[in-house]
Amino acid sequence: MAMVSSLSGAQISGAQIRQTFLDFFAARGHKILPSASLVPEDPTVLLTIAGMLPFKPIFLGQQTAEFPRATTSQKCIRTNDIENVGRTARHHTFFEMLGNFSFGDYFKEQAIAYAWELSTQVFALPPERVVVSVFEEDDEAFAIWRDQVGVPVSRIKRMGADDNFWVSGPTGPCGPCSELYYDFHPEQGEDNIDLEDDTRFIEFYNLVFMQYNRDAEGTLTPLQNQNIDTGMGLERMAQILQQVPNNYETDLIFPIIKTAADLAGIDYFRADEKTKVSLKVVGDHVRSVVHMIADGITASNTGRGYVLRRLIRRVVRHGQLIGIEGAFIVQVAETAIALSEVAYPNVRERDTLIQVELAREEAQFLKTLGRGEKLLEEILLSAAGGIISGLDAFTLYDTYGFPLELTQEIAAERGVEVDIEGFEAEMVQQRDRARAAHETIDLTVQGALDQLAEHIHPTAFLGYTEPSSTAQVVALLIEGHSVETAGSGTTVQIALNQTPFYAESGGQVGDRGYLSGTDVVVRVEDVQKESGIFIHYGKIERGTLRVGDTVTAQIDRACRRRAQANHTATHLLQAALKKWIDESISQAGSLVAFDKLRFDYNFSRSLTTEELQRIEDQINTWIAEAHNTHTEELPIAEAKAKGAIAMFGEKYGAQVRVMDVPGVSMELCGGTHVNNTAEIGLFKIVSETGVASGVRRIEAVAGPAVLEYLNVRDAVVRDLGDRFKAKPEEIAERVTALQTELKSTQKQLEALKSELALVKSTQLLDQAETVGELKLLVAELEGVDPASLQTAAERLAQQLGEGAVILGSSPEAQKVSLVAAFSPSVVKKGLQAGKFIGAIAKICGGGGGGRPNLAQAGGRDPSKLQEALAEAKEQLLKSL
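Note that residues are indexed from 1 along each chain, following the sequence as it is written. Given that this is a predicted model, residues contribute local features only at a pLDDT of at least 70 and side-chain atom pairs are listed and counted only at 80 or more, while totals for whole chains, interfaces and linings are drawn from all residues. Note: side-chain values were computed over all heavy atoms of the structure, leaving out hydrogens and water.

Chemist: Explanation requested: the sheet that holds strand S24 (residues 597-602) in the structure shown.
Modeler: With antiparallel pairing, the four strands of this open sheet are ordered in space as S23-S24-S29-S28. Edge positions in the open sheet fall to strand S23 (587-592) and strand S28 (683-692), since each of these has one partner strand only. Mean inter-strand twist for the sheet, computed between neighbouring axes without regard to direction, equals 15 degrees. A pair of strands is treated as paired once DSSP finds two or more bridges between them. Strands here mean DSSP runs of E at least two residues long; helices mean DSSP runs of H or I at least four residues long; both are numbered from the N terminus. Where S28 and strand S29 (residues 695-702) come together, eight bridges link them in antiparallel fashion. Counterpart to glutamate 688 in the pairing with S29 is isoleucine 698. The criterion used for residue contact is that any of the two residues' heavy atoms lie within 4.5 Å. Only the contacting stretch of a helix is used when fitting its axis, a line to C-alpha atoms as for every element, and angles between N-to-C directions run 0 to 180 degrees. In the packing of helix H20 (residues 704-724) onto the sheet, contacts are made with S28 and S29, and the angle to S29 comes to roughly 95 degrees.

Here you go:
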């Protein structure tokens, strides 16, 4: 066995720690596997949050492990405790989890021995500085640590289930844990050791002994195959070995912090604690966003995209807090890329995309910050009772990036307070949502399907070569519940031992078709794949279907041909984009349906009409050239070496299917395709749009769908030609003339509305009341739009001289408009139009604000308009 030498006495880098861990276990029969993407296959979590997540199907028994032992360095992201980042020594959003895994091979004794050898001999941690914990009922692990390893009983701590018993969910695999802690202050002695004291101890290695299955009654039964799942935090081990006070000052993160500090003109080690927190947030979050974008995530307002956008905005905000002016995130990201490119080459391969996405998001957020400042001004003007609500403060914080401290500071200058309790309540709700969304790995979410996976084999797929086959029904479900029989008219889910039906994956929809037996016919509308099992969704049209029946499975060949044409056309589309637009373009998503195709790609701008035409012409040229296509299975390394393109978000095994259009396109793809490009027939782009920041979408049709698309357009053109009494080539000119005429008419209409409002308002002058030396006018103008209402209020204010004008109107259903115009004398008395009218608008279910002398507000309840105007008049009379 090859040995890994001890690192005693040497300063070790984070990269060396990572490689030493992997080499140690490789020398002991473990297969080194690459990190999985941060975008997990598991639908129950948004992001990869643990080193074990990629092995979930193996731990469930749904998949057979290709290797009995494995070791990885897995990149992970967690955001449930984001507020602790930078404030504690070891909280992060992005971290690397080093792990060694055994799938039914070795168990507790060997896992503990490996952990101790690696920690005390290879990483040379002094044994007297290592404290271990075990589950309080795990006498076996306690005895191994005490008798075989030789750890004194005083440094073995029994812990409860909350700390040292791992569960996958209410039911399913589970087992006790044993954790290794490093003691920073052994001089404090071994009496009354408290492992919760994070100023003295840091947990750096967790061993999970997956040995039980828990049923619905809570009964634990031993698993047939007992597994080992471990995790060593790379950043934590770096802190220990590099002898720095926190994870942030290790060589894994500190170079990023220093880049940000240099841009701000700050010496990190002389900075105050508040500045250090901001620098640490920048250092941590930049690592996260670089790897998220490299793994194909783009900023948006939902899901993973929202996590990315929030992290980027926090970087920008904390950069501003430490005095960095203007755009800076790309410069800091370059340092993060340089630190990661050896272990994770995709960050360098996609560095241009990372820079473009970050620069765009940063620029957009800087504008958002400006809008946030305007919103804060409006909130201050309309703050009821001189207090900014917790919800408003949270909106400023979460949506516009305003720190609570900044909102408080600005509010204090205006004599306004902030509802801190309300803000904290909103924060708690957000953290609860984050934990629910990101922190639970539910190994039992698939319910009946997971149970089936334990008893039936994965489905054999025959559909690449066979459009029909005989098959045996191995499972039958109704609404997710396993049954033995189902009758006519029932909607069912069916698992077969083998099938020609393609299951939805890689963007291609599942096949349609029929299952037929001696006395039964089932129409199949969709096919999905769960843990290697193809689930046929359909309805029994005749007869009774039973588990064990033999049926003939026949796909709808016409639908398959359409899907094949669209799928191959999608490959040609990506090739054309790379050829004519940008070689770095990569797929961000796709849909291959029977009637259309959709291709999402990472790019920063829309395509011109000329570019779209060039792409369309190129694809039709390749179709006309009648290229034969070739598919073969290859080892993934060989396929990539040949230049095959891998899609982000797709998981590939050791053997992959390569779809090649020689001289045009080569991709890793498990979908179905034409044998020759000529079978596609025609290709037509329908639209090109933006779907998210930095993501564009092309929708197109191919094959028979092109004729259907053109027939619809031809019918529309004929109809327009008849309506306009024009030839097809004259329609555009006629429409332009009508648009010009309509705009002119609309301008005339707006002018007439404004004149009518002024005429109506003049009639209100007689309703003005005198209050001391001031004039007061509060009235309704029926059916006047907001712009005309403001014009009328300004005109009345001029005509009245010193005084106050409040006008209200309901221009349409469920809409209220209010305007306040105050003269300088009124403003000097302490009344501000924006704050005043904003409070009044709340009566009508709305709000608003503006300048001290002129402001506008709106509402949604016209029935409250008279009440609002009466309240406005009463308040003005009291104040004036």
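Now, onward.
Chemist: Just checking my understanding: could you explain the sheet that holds strand S27 (residues 665-668) for this structure?
Modeler: Strands pair in a sheet through their backbones, by hydrogen bonds, and they do so in one of two ways: parallel or antiparallel. If you trace the three strands from one edge of the open sheet to the other, you get S25-S26-S27, paired in antiparallel fashion. Either end of the sheet is taken by a strand with one partner, and the two such strands are strand S25 (630-635) and S27. This sheet shows a mean twist of 25 degrees between the axes of neighbouring strands, independent of strand direction. Pairing of strand S26 (residues 655-661) with S27, which is carried by four bridges, proceeds in the antiparallel orientation. The partner of valine 661 across the bridge, within S27, is serine 665. Packing of helix H17 (residues 557-580) onto the sheet brings it into contact with S26 and S27, and relative to S27 it is tilted by some 115 degrees.

Chemist: Got a minute to help me understand the pattern of salt bridges in this structure?
Modeler: For side chains bearing opposite charge, pairing can occur when the charged atoms are close. Salt bridge, as applied in this entry: a Lys or Arg side-chain nitrogen positioned within 4 Å of an Asp or Glu carboxyl oxygen. Applying the stated criterion to the full structure yields 33 salt bridges. Here arginine 348 and aspartate 351 are joined by a salt bridge, their closest N and O atoms 3.1 Å apart. The classification of residues rests on relative accessible area computed with a 1.4 Å probe and restricted to protein chains. Under 20% of the type maximum is buried, over 50% is exposed, and intermediate values are partly exposed. The buried category is assigned to aspartate 351, whose relative accessible area is 17%. Among the salt bridges present, the one from lysine 864 reaches glutamate 867, with a minimum N-O distance of 3.8 Å. Here the salt bridges do not stand alone but share partners, grouping Arg18, Glu96, Glu235 and Arg287 into one network.

Chemist: What is the right way to read the nonpolar core from this model?
Modeler: The tendency in soluble globular proteins is for nonpolar side chains to be buried side by side. Among buried residues, the Ala, Val, Leu, Ile, Met, Phe, Trp, Tyr and Cys ones that are joined through side-chain atoms within 4.5 Å form a nonpolar core. Counting 87 residues, the largest nonpolar core has Trp145 and Tyr205 as its most contacted members. The greatest single-element share of this core, amounting to ten residues, is contributed by helix H8 (residues 273-294). When near neighbours in sequence (up to four residues on either side) are disregarded, tyrosine 205 contacts Phe21, Phe25, Asn100, Ala115, Leu118, Ser119, Ser178, Glu179, Leu180, Thr230, Gly231 and Met232. Counting 30 residues, the second largest nonpolar core, distinct from the first, contains Leu573, Ile680, Ile685 and Ala700.

Chemist: Looking at this model, I keep getting lost on helix H25 (residues 865-879). Mind explaining?
Modeler: In this analysis, the expected span of each helix is defined as 1.5 Å times one less than the number of residues it contains. Taking 1.5 Å as the rise per residue, H25 with 15 residues should run 21 Å; its terminal C-alpha atoms sit 21 Å apart, in good agreement. Within H25 the residues assigned to the buried category are Leu865, Ala868, Leu869, Ala872 and Leu876. Projected down its long axis, H25 carries its buried residues within an arc of 95 degrees, all on one side. On its buried face, H25 sits against strand S31 (774-780), strand S32 (803-812), strand S33 (815-822) and helix H24 (833-841). The arc in question is the one spanned by the directions pointing from the helix axis to the C-beta atoms.

Chemist: Can you help me understand the packing of aromatic side chains in this one?
Modeler: How two aromatic rings sit relative to each other is set out by the distance from centre to centre and by the angle between their planes. Two rings belonging to Phe, Tyr or Trp (six-membered ring only in the last case) form a pair when the distance between their centres is within 6.5 Å. Interplanar angles under 30 degrees mark stacking, angles over 60 mark edge-to-face geometry, and anything in between is tilted. With the rule as written, the count across this model stands at 25 aromatic pairs. Their ring planes at 90 degrees and their centres at 5.8 Å tell us that phenylalanine 25 and tyrosine 114 sit as a pair that is edge-to-face. Taken together, the residues span a long stretch of sequence, with phenylalanine 25 in helix H1 (residues 14-26) and tyrosine 114 in helix H3 (residues 108-122) at a distance of 89 residues. In this structure phenylalanine 25 comes out as buried when scored by relative accessible area, which is 0%. Classification of tyrosine 114 as buried rests on a relative accessible area of 8%. With 5.7 Å between their ring centres and 65 degrees between their planes, phenylalanine 822 and phenylalanine 836 make a pair best called edge-to-face.

Chemist: Can you help me understand a negative patch on the surface in this one?
Modeler: On the surface, Asp162, Asp163, Asp194, Glu196 and Asp198 cluster together to form a negatively charged patch. Residue position: aspartate 163 is located in helix H5 (residues 161-164). Residues forming no salt bridge and having over 30% relative accessible area are the ones grouped into patches, like charges within 9 Å of each other and nonpolar side chains (Val, Leu, Ile, Met, Phe, Trp, Tyr) within 5 Å. Only the protein chains shown count as cover for residues, and all accessible areas are computed by the Shrake-Rupley method using a 1.4 Å probe. We count Lys and Arg on the positive side and Asp and Glu on the negative side, and we leave His and both chain ends out. One atom stands in for each charge, and that atom is NZ of Lys, CZ of Arg, CG of Asp or CD of Glu.

Chemist: Is there a simple way to explain the pairing of strand S3 (residues 94-103) in this structure?
Modeler: The side chains of a regular strand alternate, residue by residue, between the two faces of the sheet. Of all the ten residues making up S3, ten are buried; the element is thus mostly covered by neighbouring parts of the structure. Note that strand S2 (residues 69-77) and S3 share nine bridges and pair antiparallel. In the sheet register, glutamine 74 faces S3, and the bridge partner there is methionine 97. Bridge analysis of S3 against strand S9 (residues 220-233) gives five bridges, and the strand direction is antiparallel. If you follow methionine 97 over to S9, its bridge partner there is glycine 233.

Chemist: Would you mind going over unusual backbone geometry with me for this structure?
Modeler: What is expected of a backbone is that most residues other than glycine have negative phi and most peptide bonds are trans. One non-glycine residue with positive phi stands out, namely asparagine 192, at about 55 degrees. Along the polypeptide, asparagine 192 turns up in the loop between strand S7 (172-183) and strand S8 (201-214). Positive phi is not limited to glycine here, since glutamine 814 has a value of about 60 degrees. Within the element layout of this structure, glutamine 814 appears in the loop between S32 and S33. A relative accessible area of 66% means that glutamine 814 is categorised as exposed.

Chemist: For this particular structure, what's the right way to read the environment of phenylalanine 142?
Modeler: Along the chain, phenylalanine 142 turns up in helix H4 (residues 139-149). Along the primary structure phenylalanine 142 and lysine 157 are separated by 15 residues, whereas in three dimensions their C-alpha atoms are 8.7 Å apart. Other than its neighbours up to four places away in sequence, phenylalanine 142 contacts Val134, Val153, Ile156 and Arg158.

Chemist: What am I meant to see in the state of the cysteines here?
Modeler: Disulfide: a covalent bond connecting the sulfur atoms of a pair of cysteines. What counts as a disulfide here is a pair of cysteine sulfur atoms lying within 2.5 Å. Per the counting criterion, the structure on display carries zero disulfides. Free cysteine: cysteine 177, not disulfide-bonded; nearest cysteine sulfur from cysteine 174 at 10 Å.

Chemist: Quick question: what am I supposed to make of the pairing of strand S4 (residues 130-135) here?
Modeler: With six of six residues buried, S4 lies mostly within the body of the structure. Burial along S4 is two-sided: the face carrying Val130, Val132 and Val134 and the face carrying Val131, Ser133 and Phe135 are both buried. Where S4 and strand S5 (residues 156-159) come together, four bridges link them in parallel fashion. Bridge pairing in S5 places valine 132 opposite isoleucine 156. For the segment spanning S4, H4 and S5, crossover handedness is right-handed. Seen with the strands pointing away from the viewer, any crossover whose path from the first strand over the helix to the second strand runs clockwise is right-handed.

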